[in-house]
Amino acid sequence: MAQARKALSKTAAKKSGGRASARASVKTYHNYIGGEWVAASSGEYFENANPADTRDVVGRFPVSTVDDVSRAVEAARTAADRWGKTPAPRRAELLFRLGEILIRHKDAYAADMTREMGKVLKETGGDVQEAIDCTYYTAGEGRRLHGFTTPAEMPNKFAMCVRQPVGLCGLVTPWNFPMAIPSWKLIPALVCGNTVVIKPAEDTPLSTFNLVKACEAAGIPPGVVNLVTGYGETAGRALVEHRNVRLISFTGSTETGRVVASACADRNAICSLEMGGKNVIIVMEDADLDLAVEGAVWGAFGTSGQRCTASSRLVVHKKVYKQFAKKLVERALSLRVGDGADANVDMGPVINADAVHKIMGYIEVGEREDGARLACGGNRLEKGEHAHGYFIEPTVFTDVEADMRIAQEEIFGPVTCVIPASDLEEAIEIGNGVRYGLSASIYTADVNRAFRAMNEMYTGIFYVNSSTIGAEVHLPFGGTKGTGNGHREAGTQVLDIFTEWKSVYVDYSGKLQRAQIDEVNFE
Ligand code: UN1
């Protein structure tokens, strides 16, 4: 994911012209450290601009330094003992209260999110709803957090396994799901008894601010949740490298994830990574084609294609290939691109100037590929209502070959590739032929083929007769190969990230019993 810098300023009204007074009224936000809202020690702020109209400055947020991160880590450390010893059902009560606050403010949070990152209001409402779902579902773990008991080898000996908090967690979160993804990390971390420092993406600090503000209102004690905004190379790096941070949970690009993983390896910290995807929809000749096209459009162009789970490859059986491509292009051309706050708009802008540069670069690469055909889109929209934002047309390449760069690399924009295949076997081979393994789907009426594809696609998520997007919070989320490092978020599986197991043996025989050595007398 591109991490472009937004304008840096010491004063809100820095820029001149007619906009100066508007800028003077731009709200200034602060870090949240040890229960206090505080400025960054740098005294500097970055501006968070609306990607649909960059003249609209959403807010000014602290450019945090190594010192600010250290202070936040210290606050989290101070709060850790008490929070870790608070009974989990009590911790969960505060989280249920948080859930209620999120419900009450859902519309306002969605509006803020659309303003700061561009996706349409329906989708930002979904993003907040996902945080609500995660909060309720995971808070329920306060009365479960199951361990297990198991027989011991020796008589008069009891064996069990319990979960314990890992301690202090650093959460580094992306801009494409700026409330849902922080919640996937924050809520389980808290219910498991950890304290946290969150560093949100610099493109979407407001949504994470809203989440943290709601934590404060829910009565989560000072120091348990800390927020530092700023840039990845400074604040993010300081958090990832801090020797007192026991665990880093990161969602973002595979490249940055590798840097995070090696920093964690250096100091033996736990590291959980969710990274890129190059997800595939397989369309067989017996599929309901209209349904498949709907799924492809939603998967490829929802969130302007800026989802790890986006349907960026559509592998279609040759018998229906032409028909599918025609319908897809028609639907793509019918999408209205504009400001996500407008209810008539289907697709919003992409996140920032770097993203435009990267996506347009890939479109050029696609146009240069021998054989691939730009079937629709391919342009940046810069006139009229699009003049001040980062808009790119929904773009479809057809006749794409599986090994072309546009079919291999994560573009993270509204660009999808249609690839022909002769049969299911070839479709699965193409589907698996990328470095990522997040999500895959098949459209078919044949249950045997659906199960075969389900079994043979090496991904963390699989759908039948549905798009590659739309994961629910009570099932594990994550991927194989370049997408992750073996962990899963959401579901109960996330508890294995945010707790460590403790095996407990209780010997009530009153004598020394040596495992693996003493023979048990059966009489
Ligand atoms: C992402 O793709 O970056 O499954 C997260 C979905 C959402 C989460 C997506 N619930 O599309």
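Cut-off values and rules
Residues numbered from 1 in each chain as written. Predicted model: local features only at pLDDT ≥ 70, side-chain atom pairs only at ≥ 80, totals over all residues. Heavy atoms only, no water. Axes fitted to C-alpha atoms, helices over the stretch in contact; angles between N-to-C directions. Helix = DSSP H or I, 4+ residues; strand = E, 2+ residues; numbered from the N terminus. Parallel < 35°, antiparallel > 145°, perpendicular 65-115°, else oblique. Left-handed = near helix turned anticlockwise from the far one by under 90°. Contact = heavy atoms within 4.5 Å. Nonpolar A, V, L, I, M, F, W, Y, C, P; charged D, E, K, R; others polar. Pairing = 2+ DSSP bridges. Near = heavy atom within 4 Å. Polar contact = N/O pair within 3.5 Å; in protein donor to acceptor, adjacent residues only side chain to side chain. Areas by Shrake-Rupley, 256 points an atom, 1.4 Å probe, with all protein chains shown as cover. Domains from an automatic or database assignment. Salt bridge = Lys/Arg side-chain N within 4 Å of Asp/Glu carboxyl O. Buried < 20%, exposed > 50% of the residue type's maximum accessible area, 1.4 Å probe, protein only. Expected span 1.5 Å × (residues − 1). Patch = residues over 30% accessible without salt bridge, like charges linked within 9 Å, V, L, I, M, F, W, Y side chains within 5 Å. Lys, Arg positive; Asp, Glu negative; His and termini not counted. Charge placed at Lys NZ, Arg CZ, Asp CG, Glu CD. Buried area = accessible area lost by both parts, 1.4 Å probe. Phe/Tyr/Trp six-rings, centres within 6.5 Å; stacked < 30°, edge-to-face > 60°. Lys NZ or Arg CZ within 6 Å of the ring centre and 35° of its normal. Core = buried A, V, L, I, M, F, W, Y, C linked by side-chain atoms within 4.5 Å.

Undergrad: For this particular structure, what's the right way to read the packing of helix α10 (residues 289–301) against helix α11 (residues 318–334)?
TA: To describe two helices that pack against each other, one gives the angle between their axes and the distance between the axes. As a packed pair, α10 and α11 sit with axes 10 Å apart at the nearest point and diverge in direction by 50°. Our classification of the angle between α10 and α11 gives oblique. The chirality of how α10 crosses α11 is right-handed. Along the contact surface, α10 presents L289, D290, A292, V293, E294, A296, V297 and F301, while α11 presents V320, Q323, F324, K327, L328, R331 and A332. For the contact of α10 with α11, a count of residues per class yields 10 nonpolar, 1 polar and 4 charged.

Undergrad: Hey, could you run me through the sheet that holds strand β7 (residues 157–165) in this one?
TA: Read across the sheet, 3 strands follow the order β6-β7-β24 without closing on themselves; strand pairing throughout is antiparallel. Strand pairing shows two members of the sheet lacking a second neighbour, β6 (148–151) and β24 (499–507), which therefore form its edges. On average, each strand axis in the sheet is inclined to that of its neighbour by 25°, with strand direction left out of account. Examined bridge by bridge, β7 and β24 share 9 bridges and lie antiparallel to one another.

Undergrad: Help me out: how do you make sense of the site of the ligand in this one?
TA: What surrounds the ligand is the set E130, N176, F177, W184, R307, C308, T309, I469, G470, A471 and F477. Here an oxygen atom of the ligand and a side-chain polar atom of R307 are 2.6 Å apart. Between C308 and the ligand, the recorded distance is 2.9 Å, taken from a backbone N or O atom to an oxygen atom. The protein chains hide 97% of the 320 Å² of surface that the ligand would expose on its own. The residue inventory of the shell around the ligand, partitioned by class, reads 6 nonpolar, 3 polar and 2 charged. Shared between two domains, the shell around the ligand holds at least three residues of each, these being domain 1 (2–8 + 24–275 + 484–501) and domain 2 (280–464).

Undergrad: In this structure, what is going on with the packing of helix α5 (residues 121–139) against helix α6 (residues 180–191)? I would like to understand it.
TA: At their nearest, the axes of α5 and α6 sit 9 Å apart, and the two run at 15° to each other. Considering the angle they form, α5 stands roughly parallel to α6. For the pair α5 and α6, the crossing hand works out as right-handed. Facing α5, whose interface residues are D127, E130, A131, C134, T135, T138 and A139, α6 presents A180, S183, W184, I187, P188 and V191. Class assignment of the residues belonging to the contact of α5 with α6 gives a composition of 8 nonpolar, 3 polar and 2 charged.

Undergrad: What exactly am I supposed to notice about the pattern of salt bridges here?
TA: When charged atoms on two side chains of opposite charge get close, those side chains can pair. Applying the stated rule across the entire model yields 29 salt bridges. The closest approach of N and O atoms between R246 and E500, which form a salt bridge, is 3.1 Å. Taken together, the residues R246 in the loop between α8 (232–241) and β11 (247–251) and E500 in strand β24 connect sequence positions 254 residues apart. Here R380 makes a salt bridge to E382, at a shortest N to O gap of 3.7 Å. Classification of R380 as partly exposed rests on a relative accessible area of 29%.

Undergrad: Just checking my understanding: could you explain α10 for this structure?
TA: Since the α-helix advances by 3.6 residues per turn, residues separated by three or four positions end up pointing in the same direction. A rise of 1.5 Å per residue sets the reference length of α10, with its 13 residues, at 18 Å; its end C-alpha atoms lie 18 Å apart and thus fit the reference within 8%. Within α10 the residues assigned to the buried category are L289, A292, V293, G295, A296, V297, G299, A300 and F301. Lining the buried residues of α10 we find β13 (280–283), β14 (313–317), α11, β18 (395–398), β19 (415–421) and β21 (439–443). For α10, the N-terminal cap is D288; the gap from its side-chain oxygen to the backbone nitrogen of D290 is 3.3 Å. Downstream of α10 by a residue or two, T303 has a phi angle that is positive, lying close to 55°.

Undergrad: Help me out: how do you make sense of a negative patch on the surface in this one?
TA: On the surface, a cluster of negative charge is contributed by D370, D399, E401 and D403. Topologically, D399 is positioned in the loop between β18 and α13 (405–408).

Undergrad: Got a minute to help me understand the domain arrangement of the protein chain in this structure?
TA: A common way to state how big an interface is: give the accessible area lost once the parts meet. When cut into domains, the protein chain gives domain 1 (2–8 + 24–275 + 484–501) and domain 2 (280–464). For domain 1 versus domain 2, the distance between C-alpha centres works out to 30 Å. In this assembly, 24 residues from domain 1 lie in contact with 27 residues from domain 2. Around 2,100 Å² of area is buried between domain 1 and domain 2 when both sides are counted, 59% of it from carbon and sulfur atoms.

Undergrad: Sorry, what's going on with unusual backbone geometry here?
TA: Comment: phi is negative for the bulk of residues other than glycine, and the bulk of peptide bonds are trans. The phi dihedral of K481 falls on the positive side, at around 50°, and the residue is not glycine. Locating K481 in the fold gives a position in strand β23 (residues 480–481). Of the residues examined, K481 reaches a relative accessible area of 31% and is grouped as partly exposed. At A490, a position not held by glycine, the phi torsion is positive, near 60°.

Undergrad: Is there a simple way to think about the packing of aromatic side chains in this case?
TA: Each pair of aromatic rings is reported with the distance of its centres and the angle of its planes. Summed over the entire model, instances satisfying the criterion amount to 10 aromatic pairs. Aromatic side chains W175 and F412 sit 5.7 Å apart centroid to centroid with 90° between the ring planes, which places their arrangement in the edge-to-face category. One end of the pair, W175, is in the loop between β8 (168–173) and α6; the other, F412, is in the loop between α13 and β19, and 237 residues separate them in sequence. F412 carries the same exposure label as W175, and that label is buried. Taken together, the ring pairs in this structure connect Y29, Y32, W37, F46, F61, F209 and Y231 into an aromatic cluster. Sitting over the face of the ring of Y45, R60 holds its NZ or CZ atom 4.6 Å from the ring centroid. Geometry around F177 places K119 over its ring, the cationic atom sitting 3.6 Å from the centre.

Undergrad: For this particular structure, what's the right way to read the side chain of E123?
TA: Among the structural elements, E123 can be located in helix α5. Assessed through its relative accessible area of 10%, E123 is described here as buried.

Undergrad: Could you clarify how one ought to interpret the nonpolar core in this entry?
TA: When a protein is soluble and globular, its nonpolar side chains tend to lie buried together. L186, L190, V196, V225, V400, I406 and F498 are the most contacted members of the largest nonpolar core, which totals 104 residues. By residue number, the principal contributor to this core is α6, which donates 8 residues. Counting the residues that make up this core, at least three belong to each of domain 1 (2–8 + 24–275 + 484–501) and domain 2 (280–464). Contacts of V400, omitting those with residues within four sequence positions, involve A372, I406, A407, C417, V418, I419 and P420. Counting 28 residues, the second largest nonpolar core, distinct from the first, contains A52, V320, V329 and A332.

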